[in-house]
Amino acid sequence: MKKVIETLKNIWRIEDLRQRLLITLLFVAIYRFGSFVVLPGIDPARLNQLQAQTSEGLMSLLNMFSGGAFSHASVFALGIMPYISASIVIQLLAVAVPHFQKMQKEGESGVRKLNQYTRWLTVAILLFQAPMYMINLNAQVGGEGGAFTVGQGFGFMLTSTLILSAGSMFILWLGERITDKGVGNGVSLIIMIGIIARFPSALMEEFTSALSGAEGGGLIKLLFEIIALLFVMALSIILVKATRKVPVQYAKRIEGNRQFGGARQYIPLKLFAANVMPIIFAQAIMFIPASVLNAFSKTGGNGLGHLLSDQFSLPYNVIYVILIVLFTYFYTAITMNPQQMAEDMKRNSGFIPGVKPGRPTGDYIDRVMTRITFPGSLFIALIAILPAFAVLIGVKQGFAQFFGGTSLLILVGVVIDTLQQIESYMLVRHYDGLLSAGHTRSHSGGNL
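What you see is a predicted model; the values in this text were computed from it and never measured.

1. Brief notes about the overall build of the chain
Regarding its fold elements, the chain presents 17 helices and 0 strands. Burial status across the chain gives 45% buried among its 448 residues. Surface accessibility of the chain: about 22700 Å² in total, with carbon and sulfur atoms responsible for 65%.

Written out as structure tokens, the structure reads:
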């Protein structure tokens, strides 16, 4: 504990890091404050039905990613997810479309163009999602005596659409300012804050449910749930770290041409080459039926439509797993080119013992990728559907969402990234990092 306190003191001593942390906290506070600012013309006292709708199913995920702004009909109700969707589309285009590939290779100017396209696409998505949100709000709590207090005409819909779109773009601006002036990746940090904001209420709901258990059995069950949550978080940390290293030495080593100073190397193949992108893609696809059903129906549909809107149902999770596996292969295929890797090895006078250079080497790498991608995709899918298993053992849906899925992986990934960035500032100033000790390193230079 003493080392932790000393580490925090060291962080505060670094002026640049201290300013960045304060700026980050300021922008996060602005974001959280805006999450409770209700749209003009909406009576916040009459949003009970909307909050009930977002308490379960896929709508609860949307509400979680927005930090509760979705259920409060806030000016930040659409959150940062439209920008994430636009980024995914542009990223795929940069891999598959020659025009975007060329821009990606143009360096900083090309990156600026891609970022501009991403913003314009975000605006287009917002101009579609904002009216859908208002239609859903009208279906849930609108009409006579509903939430609307200034009418439901075209003018009201137009102004609400503009406010919702501007709110999301303002969140994007906050995220970019955090990245430039604060600590960590701003957009990812905002998503993480939204997820964390829902954790206390979910934990309190689970604790209240545990207290109602007979003869203290509920509290014991809650203890096991917390232990299980810590175990799943450990698995997620392993997954996130595995996506950032080259842990697989499955393939044979590459023999460099020793006449030219070559050395033994290993083929850089990852068990989780697609990172968590397949989960995000699959989640986006699964959002479509839920969004359509809930936009035009107060009941969310019946039969299969209702099951596809329930993230804890068997049909939903079966389709979810299939999509994750397919997207894992798809994303790996478009981001890693075995033939190109083989050609690069050949140009650098490298070869795999027992495998001919050129196309045979590319085919060999492709076979290895296929073999290691399948178990990797299954592991990612397991993490994604763990909330459904948590519900089966009696965990409340709100608390079960933290047992896996996109939310937990984002939470773990962002925390690791932010801590590593803070640690880098400390190491530059000759302090031990957060993951080691909490005292000043011995060095020849003077104190700060």
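From this point, the narrative continues.
2. Let's talk about the packing of aromatic side chains
Tallied over the entire structure, the rule returns 10 aromatic pairs. Relative to F76, the ring of Y31 has its centre 6.1 Å away and its plane inclined at 15 degrees; by these criteria the two rings are stacked. Within this pair, whereas Y31 is found in helix α2 (residues 15–34), its partner F76 is found in the loop between α4 (58–65) and α5 (81–96), the two being separated by 45 residues in sequence. By relative accessible area, Y31 is classed as buried at 2%. A residue is classified by how much of its surface remains accessible, and F76, at 6% relative accessible area, is buried. Look at Y316 and Y320: their rings are 5.5 Å apart centre to centre, the planes differ by 45 degrees, and that puts the pair in the tilted class.

3. Remarks on unusual backbone geometry
The backbone phi angle of A73 is positive, close to 50 degrees, even though this residue is not glycine. Inspection of the secondary structure puts A73 in the loop between α4 and α5. Judged by relative accessible area, A73 falls into the buried class, the value being 0%.

4. A word on the side chain of T373
You can see T373 is positioned in helix α15 (residues 359–392). Only 2.5 Å separates the side chain of T373 from the backbone oxygen of M369, close enough to count as a polar contact. Look past the residues within four positions of T373 in its chain and what remains in contact with it is T328, Y329 and T332.

5. Some remarks on the packing of α2 against helix α8 (residues 154–181)
Relative placement of two packed helices is described by the angle separating their axes and the distance separating the axes. At a minimum axis distance of 9 Å, the contact between α2 and α8 shows a crossing angle of 170 degrees. The angle between α2 and α8 places the two elements in the roughly antiparallel class. Of α8, the residues touching α2 (which contributes R20, I23, T24, F27, V28, I30 and Y31) are F170, I171, L174, R177, I178, D180 and K181. Here the residues of the contact of α2 with α8 sort into 9 nonpolar, 1 polar and 4 charged.

6. What to know about empty space enclosed by the protein
Taken as a whole and judged by the stated rule, the model has 2 cavities of 30 Å³ or more. The calculated volume of the largest cavity comes to roughly 120 Å³. Lining the largest cavity are 16 residues, and of these L61, Q283, Q311, A384 and P387 lie nearest its centre. The biggest single contributor to the lining of the largest cavity is α15, with 4 residues. Its residues placed into classes, the lining of the largest cavity shows 8 nonpolar, 8 polar and no charged.

7. Focus: the packing of helix α14 (residues 338–347) against α15
Packing of α14 against α15 brings their axes to within 8 Å, and their N-to-C directions diverge by 130 degrees. Here α15 runs oblique to α14, going by the angle between their axes. The chirality of how α14 crosses α15 is right-handed. Here α14 contributes P338, Q339, M341, A342 and M345 to the contact with α15, which in turn contributes R359, T361, G362, D363, I365, D366 and M369. A breakdown of the residues in the contact of α14 with α15 according to their chemical character gives 6 nonpolar, 3 polar and 3 charged.

8. As for the side chain of S168
Along the chain, the position of S168 falls in helix α8. If we ignore the near neighbours within four places in the chain, the residues touching S168 are L78, G79 and L126.

9. Observations concerning a nonpolar patch on the surface
On the surface, L26, I30, F170 and W173 cluster together into a nonpolar patch covering about 360 Å² of accessible area. Elements with a minimum of two residues in the nonpolar patch: α2 and α8. On the secondary structure map, F170 appears in helix α8.

10. Remarks on the environment of L137
Tracing the backbone through its elements, the reader meets L137 in helix α7 (residues 108–141). Overall, the relative accessible area of 0% leaves L137 in the buried class. Considered as a pair, L137 and L50 are 87 residues apart in the sequence and their alpha carbons are 6.9 Å apart.

11. Digging into the nonpolar core
Within the largest apolar cluster, 76 residues are counted, with the highest numbers of intra-cluster contacts made by I80, Y133, L164, I191, Y320 and I324. When residues are assigned to domains, this core turns out to be shared by domain 1 (1–182) and domain 2 (201–436), each giving three or more. Excluding its chain neighbours within four sequence positions, the residues that come into contact with I191 are F65, I80, M81, I84 and I410. Counting residues in hydrophobic clusters, the runner-up holds 10 residues, among them M336, V355, Y364 and M369.

12. Structural notes on the confidence of the model for the chain
For the chain, the mean per-residue pLDDT works out to 76, and 77% of the residues sit at or above 70. Contacts from residues 246–263, a stretch scored under 50 in pLDDT, to residues over four places away or in other chains number 50 contacts. Note that residues 437–448 has pLDDT below 50 and, in this model, 21 contacts with residues that lie over four places away or in other chains.

13. As for the pattern of salt bridges
Going through the model one piece at a time under the given rule, you end up with 4 salt bridges. Across the pair R20 and D16 runs a salt bridge whose closest N-O atoms are separated by 3.6 Å. With R20 and D16 both in helix α2, this residue pair falls 4 residues apart, about one helical turn. Note on R20: relative accessible area 18%, which makes it buried. The shortest N-O distance in the salt bridge between R119 and E176 comes to 2.5 Å. Of this pair, R119 sits in helix α7 while E176 is found in helix α8, placing the two residues 57 residues apart along the sequence. By relative accessible area, which is 26% here, R119 ends up partly exposed.

Each value, and the rule that gives it
Residues numbered from 1 in each chain as written. Predicted model: local features only at pLDDT ≥ 70, side-chain atom pairs only at ≥ 80, totals over all residues. Heavy atoms only, no water. Helix = DSSP H or I, 4+ residues; strand = E, 2+ residues; numbered from the N terminus. Buried < 20%, exposed > 50% of the residue type's maximum accessible area, 1.4 Å probe, protein only. Areas by Shrake-Rupley, 256 points an atom, 1.4 Å probe, with all protein chains shown as cover. Phe/Tyr/Trp six-rings, centres within 6.5 Å; stacked < 30°, edge-to-face > 60°. Polar contact = N/O pair within 3.5 Å; in protein donor to acceptor, adjacent residues only side chain to side chain. Contact = heavy atoms within 4.5 Å. Axes fitted to C-alpha atoms, helices over the stretch in contact; angles between N-to-C directions. Parallel < 35°, antiparallel > 145°, perpendicular 65-115°, else oblique. Nonpolar A, V, L, I, M, F, W, Y, C, P; charged D, E, K, R; others polar. 1 Å grid on protein atoms, 1.4 Å probe; cavity = no way out; pocket = protein on both sides within 12 Å on 5 of 7 lines; lining within 4 Å. Points joined across faces, edges and corners; volume = space filled by probe spheres on them. Left-handed = near helix turned anticlockwise from the far one by under 90°. Patch = residues over 30% accessible without salt bridge, like charges linked within 9 Å, V, L, I, M, F, W, Y side chains within 5 Å. Salt bridge = Lys/Arg side-chain N within 4 Å of Asp/Glu carboxyl O. Core = buried A, V, L, I, M, F, W, Y, C linked by side-chain atoms within 4.5 Å. Domains from an automatic or database assignment. pLDDT = per-residue confidence, 0-100.

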